[in-house]
Amino acid sequence: MPNRLGIGSMSLGRPGIHDLPSKLHQASRHGYEGIELFFDDLDSLAQSSFNGCHLAAAHEVRRLCDTLRLSIICLQPFLFYEGLLDRTQHEHLLTEKLPKWFQLARILNTDLIQIPSNFLPADRTTGDLDLITSDLQRIADLGLAQSPPFRFAYEALAWGTHISTWEQAWTLVSRANRPNLGLCLDTFNLAARVYADPASPSGKTPTADTDLQSSLSRLRADIDPKKVFYIQIVDGERLSAPLDQNHPFHVGGQPPRMSWSRNARLFPFEEDRGGYLPVLDVARAFFDTGFEGWVSLELFSRTLADPDPATPERHAVRGWRAWRKLVEVLGLEVATQGSLLSDASAAVQHRL
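Residues numbered from 1 in each chain as written. Predicted model: local features only at pLDDT ≥ 70, side-chain atom pairs only at ≥ 80, totals over all residues. Heavy atoms only, no water.

Caption draft 1: View of the UniProt feature "domain: Xylose isomerase-like TIM barrel" (unreviewed entry) in the chain. In this numbering, the UniProt entry assigns the feature "domain: Xylose isomerase-like TIM barrel" (unreviewed entry) to residues 25-313. Secondary structure over residues 25-313 splits into 43% helix and 14% strand, and the C-alpha atoms at its two ends are 9 Å apart. (UniProt positions renumbered as here; feature names shortened; annotations may be inferred. Helix = DSSP H or I, 4+ residues; strand = E, 2+ residues; numbered from the N terminus.)

Caption draft 2: Focus on the packing of aromatic side chains. Here the structure, examined in full by the defined rule, presents 12 aromatic pairs. A ring pair is formed by phenylalanine 38 and phenylalanine 300, whose centres lie 5.8 Å apart and whose planes are at 85°; its orientation type is edge-to-face. Residue phenylalanine 38 is found in strand β2 (residues 34-38), and its partner phenylalanine 300 is found in the loop between β10 (294-297) and α11 (311-330); the two are separated by 262 residues along the sequence. Phenylalanine 300 sits in the buried class, given a relative accessible area of 10%. Ring geometry for tryptophan 260 and tyrosine 276: centres 6.3 Å apart, planes at 45°, overall tilted. (Phe/Tyr/Trp six-rings, centres within 6.5 Å; stacked < 30°, edge-to-face > 60°. Buried < 20%, exposed > 50% of the residue type's maximum accessible area, 1.4 Å probe, protein only.)

Caption draft 3: Focus on empty space enclosed by the protein. Scanning the entire structure with this criterion turns up three cavities of 30 Å³ or more. Considering only enclosed or pocket space, the largest cavity measures out at about 110 Å³ in volume. Along its surface, the largest cavity is lined by 16 residues, and Ala156, Thr165, Trp166, Leu185 and Leu190 are the ones closest to its centre. Taken together, the elements giving at least two residues each to the lining of the largest cavity come down to β5 (151-155), α6 (166-176), β6 (181-186) and α7 (187-194). In the lining of the largest cavity, the residues fall into nine nonpolar, three polar and four charged. Here the second largest cavity is characterised by a volume of approximately 60 Å³. As for the second largest cavity, its lining consists of Pro198, Ser200, Pro201, Gly203, Glu237, Arg238, Leu239, Ala241, Pro242, Trp260 and Tyr276. Split into classes, the residues belonging to the lining of the second largest cavity amount to seven nonpolar, two polar and two charged. (1 Å grid on protein atoms, 1.4 Å probe; cavity = no way out; pocket = protein on both sides within 12 Å on 5 of 7 lines; lining within 4 Å. Points joined across faces, edges and corners; volume = space filled by probe spheres on them. Nonpolar A, V, L, I, M, F, W, Y, C, P; charged D, E, K, R; others polar.)

Caption draft 4: Layout of the pattern of salt bridges. Counted according to the given criterion, the structure contains 20 salt bridges. A salt bridge links arginine 178 to aspartate 141; the shortest N-O distance between them is 2.7 Å. Linking arginine 178 in the loop between α6 and β6 with aspartate 141 in helix α5 (residues 129-144), this pair joins segments that are 37 residues apart in sequence. Arginine 284 is the partner of aspartate 281 in a salt bridge, and the nearest nitrogen-oxygen pair spans 3.8 Å. Here aspartate 281 and its partner arginine 284 are both found in helix α10 (residues 279-288), three residues apart, which amounts to about one turn of the helix. A relative accessible area of 32% places aspartate 281 in the partly exposed class. Accessibility expressed as a relative area gives 32% for arginine 284, which makes it partly exposed. Put simply, Asp186, Arg265 and Glu298 are held in one network by salt bridges that share partners. (Salt bridge = Lys/Arg side-chain N within 4 Å of Asp/Glu carboxyl O.)

See below:
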């Protein structure tokens, strides 16, 4: 499978500010082939147009995506799942929430659900690898029992309470040993954990460069590309001041890396906007494993809350520019539809 370009639905505009149909149209118009569908976008559409009915909203999204020739890469995020100390809540997620997500995903014509590593407080979660492995096995087995079966992509968030590195996530996926359980690898979350520190004046950890190279060497050696279900490629903004309690991004009780991520991600090659993470090094390592498939530009940023109706278009164009350069620099094999700049994007680039 050649590499195909996708983008997160929340990466084109904030739900409740920018409607999902408009964002889907912009994605299709500017050369994207797939969408990571965030539940918040689906919920916003359900509340605004379908009296809160998520199933009706999912049918409309599927209709739109079929018309626009967009694939739904995955439904995400299935939050706060693994390692819960409250096992009653764990059962609730599996018996109440998960069947609904299966139903929605089936309507959306995707077989993939993404699970981010748990970032609830330490007094509500455990780092017990045996329990987390068992939790991942159980949800994978429930997915396998469906007809057709579902897959799950587990992603280590840089601010995960117990699981915050790709190595930890890979260990769990390997231990769980289920054919429908794999990884989502993200340049931001990898670099944000072992290279960057937004709370530091330098923006980096003391041993950033050596730690990154060691991690990427392990990744090239250890990862089975067949167990990487999709990847995400984005950068982060170098902050002008450390993200401490005096910083405008600070949120009490929220890890600095999470606050930074929510406000200051960038597309690759946006150094003019402050991008400084070694995105190319990380992305090259992902492809060096032999990975081919969906490449999503999953951006979170304060710029997405701009109520200007042109916000989705601006972000679609910024992402497309980054993708074209990434393909050129890394020599990526790409699907035909996403390999050339659309006429619409070419025209818009002169205006933005």
